[in-house]
Amino acid sequence: MYKGQSWLTLGIWAVLLLLGLDALITLNLSLAFIAFATLALSVAPIYIARWAEIEVPRSFIVATTMFIGMTLLLGEVYDFYDKYWWWDMVLHFGSALGFGMIGFVLVFMMFQGDRYAAPPVAIAFFAFCFALSVGALWEIFEYGMDQLFGFNMQKSGLPDTMKDLIVDTLGALIGAGTGFAYLKQQKLGGLTAVIHDFVKNNPHLFKRFRK
């Protein structure tokens, strides 16, 4: 599990483990639960990828680990959602961007990597729809939690929901646009490199891939 992971990922895991153990010793059970839950969720993609016989780029694991930590640990435990008004927006944007890229990879895999089986704009469009659908489902989840259990996940209600969906749209556009740029052999920094690494490291999923 640890082989091939970046030092940043290993460092975050170590901090989460130590934080969880310290919380157990001091009987801060809520912090211990969140610390260990964050650690488990950040490690889970590695096991899922191994089960599915997929090699996931290290950068994806780093991004996933940081995102989960920012959401659960910093957001919930250390109240970053209340301290920084932009915290929720950053996380929504990051998740939408990530799901846009994941959606692109999933659709591209359906065509076994044959970039000529569907126009790049069509693949990018479906990737955009996938990411935006995930964001919409999350807003429905927040509404359900507020109505059923009296939570305050929506904060200001409709304005918060619309703000989140607008940010989700921007992130989804960039994520899907990254896939489009990849098919057009354009470079967008590290974003297209992540897709390139995934395709390169999983040739069995892209049997008809043609450059």
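Everything below is about the structure printed above this text.
Calculation notes
Residues numbered from 1 in each chain as written. Predicted model: local features only at pLDDT ≥ 70, side-chain atom pairs only at ≥ 80, totals over all residues. Heavy atoms only, no water. Helix = DSSP H or I, 4+ residues; strand = E, 2+ residues; numbered from the N terminus. Rg over C-alpha atoms; globule rule 2.2 N^0.38 Å. Contact = heavy atoms within 4.5 Å. Areas by Shrake-Rupley, 256 points an atom, 1.4 Å probe, with all protein chains shown as cover. Lys, Arg positive; Asp, Glu negative; His and termini not counted. Charge placed at Lys NZ, Arg CZ, Asp CG, Glu CD. Axes fitted to C-alpha atoms, helices over the stretch in contact; angles between N-to-C directions. Parallel < 35°, antiparallel > 145°, perpendicular 65-115°, else oblique. Left-handed = near helix turned anticlockwise from the far one by under 90°. Nonpolar A, V, L, I, M, F, W, Y, C, P; charged D, E, K, R; others polar. Phe/Tyr/Trp six-rings, centres within 6.5 Å; stacked < 30°, edge-to-face > 60°.

### Some details on the overall build of the protein
Point 1. Check the secondary structure of the protein and you find eight helices and zero strands.
Point 2. For the protein, the sequential pattern of α-helices and β-strands runs α-α-α-α-α-α-α-α.
Point 3. Relative to the 2.2 N^0.38 estimate, which gives 17 Å for 211 residues, the radius of gyration of the protein is 19 Å and therefore close to what a compact globule would have.
Point 4. Along the longest, intermediate and shortest principal axes, the C-alpha atoms of the protein span 55 × 45 × 30 Å.
Point 5. Sequence separation of 24 or more characterises 66% of the internal contacts of the protein that already satisfy a separation of 6 or more.
Point 6. When the accessible surface of the protein is totalled, it reaches about 12300 Å², and 72% of it is carbon and sulfur.
Point 7. If the 14 positive side-chain charges of the protein are averaged to one point and the 15 negative ones to another, these points end up 19 Å apart.

### Thoughts on the packing of helix H1 (residues 7-25) against helix H3 (residues 58-77)
When two helices pack together, their arrangement is given by the angle between the helix axes and by the axis-to-axis distance.
Point 1. At a minimum axis separation of 9 Å, H1 and H3 run at an interaxial angle of 30°. By the angle class used here, H1 and H3 are roughly parallel. Crossing angle aside, the handedness with which H1 passes H3 is left-handed. Here Leu8, Thr9, Ile12, Trp13, Leu16 and Leu19 of H1 lie close against H3, whose contacting residues are Ile61, Val62, Thr65, Met66 and Leu73.
Point 2. Each residue belonging to the contact of H1 with H3 can be placed in one class, and the counts come to nine nonpolar, two polar and no charged.

### With respect to the packing of aromatic side chains
Point 1. A complete count under the given rule lists twelve aromatic pairs for this structure.
Point 2. Between Phe104 and Phe108, the aromatic rings sit 5.4 Å apart at their centres with planes inclined by 20°, giving stacked as the arrangement. Residue Phe104 and its partner Phe108 are both found in helix H5 (residues 87-110); the two are separated by four residues, about one turn of the helix.
Point 3. Site record: aromatic cluster; members linked through ring pairs are Phe104, Phe108, Tyr182, Phe198 and Phe206.

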